[in-house]
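# Residue-level structure breakdown
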Amino acid sequence: KEALYLLHKIAFELKNYSLVAELSGRCFQASAQVDVAKRAAISYANLGKLSACIGWLESAITLGMDPSADVVTKPDFDEIRQRPAFAKWVRSHLS
C-alpha cells in the first residue's frame, strides 16, 4: 500500500503521467486521499484525457479539495483548458 503510494508520488514528480494514470485507480482504492486524486487529475489533463481528468477532480473535491481557481489555472491544465466540457466544469465549480 505504502510502496504503491510512493511510486505514484514519485512518478508524478518525474512527470511520468502515463505511469501515474496507470497506477491511480489502484492507489486510490488502497488509500483514498485528495493528493492521489489531484495527481491523477493533473496527469490525465497533461495526457489530454478530459473525462478522466474531470472524474478525478470530482473525486478530489468529494474528499475535501477546495475547487478554487488556483487548481485549474495551473499550466498542467493547458492541454484541456479550451475544451468546452472543461470550461463548463470550471464554470459550474468556480461560480
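Higher on the page you've got the structure.
Residues numbered from 1 in each chain as written. Predicted model: local features only at pLDDT ≥ 70, side-chain atom pairs only at ≥ 80, totals over all residues. Heavy atoms only, no water.

### Focus: helix α3 (residues 34–46)
In this model, α3 (13 residues) spans 18 Å end to end at C-alpha, consistent with the 18 Å of a helix rising 1.5 Å per residue. Looking only at α3, the buried set comprises Val36, Ala37, Arg39, Ala40, Ala41, Ile42, Ser43, Tyr44 and Ala45. The first or second residue beyond α3 is Gly48, which carries a positive phi of 75 degrees. (Helix = DSSP H or I, 4+ residues; strand = E, 2+ residues; numbered from the N terminus. Expected span 1.5 Å × (residues − 1). Buried < 20%, exposed > 50% of the residue type's maximum accessible area, 1.4 Å probe, protein only.)

### Observations concerning the packing of aromatic side chains
With the rule as written, the count across this model stands at 4 aromatic pairs. With 5.2 Å between their ring centres and 85 degrees between their planes, Phe28 and Trp56 make a pair best called edge-to-face. Here Trp56 lies in helix α4 (residues 50–62) and Phe28 lies in helix α2 (residues 17–30), a separation of 28 residues in the sequence. Both residues of the pair, Phe28 and Trp56, count as buried. Here Phe77 and Phe86 contribute two aromatic rings whose centre-to-centre distance is 5.8 Å and whose plane-to-plane angle is 10 degrees, an arrangement assigned as stacked. (Phe/Tyr/Trp six-rings, centres within 6.5 Å; stacked < 30°, edge-to-face > 60°.)

### Focus: the side chain of Arg39
Tracing the backbone through its elements, the reader meets Arg39 in helix α3. On the accessibility criterion, Arg39 (8% relative accessible area) is buried. Beyond its immediate sequence surroundings of up to four residues, Arg39 is in contact with Tyr5, His8, Lys9, Phe12 and Val20. (Contact = heavy atoms within 4.5 Å.)

### Examining the nonpolar core
Cys53, Trp56, Leu57, Val72, Phe77, Ile80 and Phe86 are the most contacted members of the largest nonpolar core, which has 31 residues in total. Looking at this core, the elements with two or more residues in it are α1 (2–13), α2, α3, α4, α5 (69–72) and α6 (84–94). No other element matches α3, which puts 7 residues into this core. If sequence neighbours within four positions are ignored, Ile80 has contacts with Ala45, Gly48, Leu50, Cys53 and Phe86. (Core = buried A, V, L, I, M, F, W, Y, C linked by side-chain atoms within 4.5 Å.)

### A short note on the side chain of Ser31
For Ser31, the position within the fold is in the loop between α2 and α3. Not counting residues within four places of it along the chain, the set of residues in contact with Ser31 comprises Lys1 and Val36.

### Focus: unusual backbone geometry
A positive phi is found at Lys15, a non-glycine position, where the angle reads about 60 degrees. On the secondary structure map, Lys15 appears in the loop between α1 and α2. In this structure Lys15 comes out as exposed when scored by relative accessible area, which is 58%.

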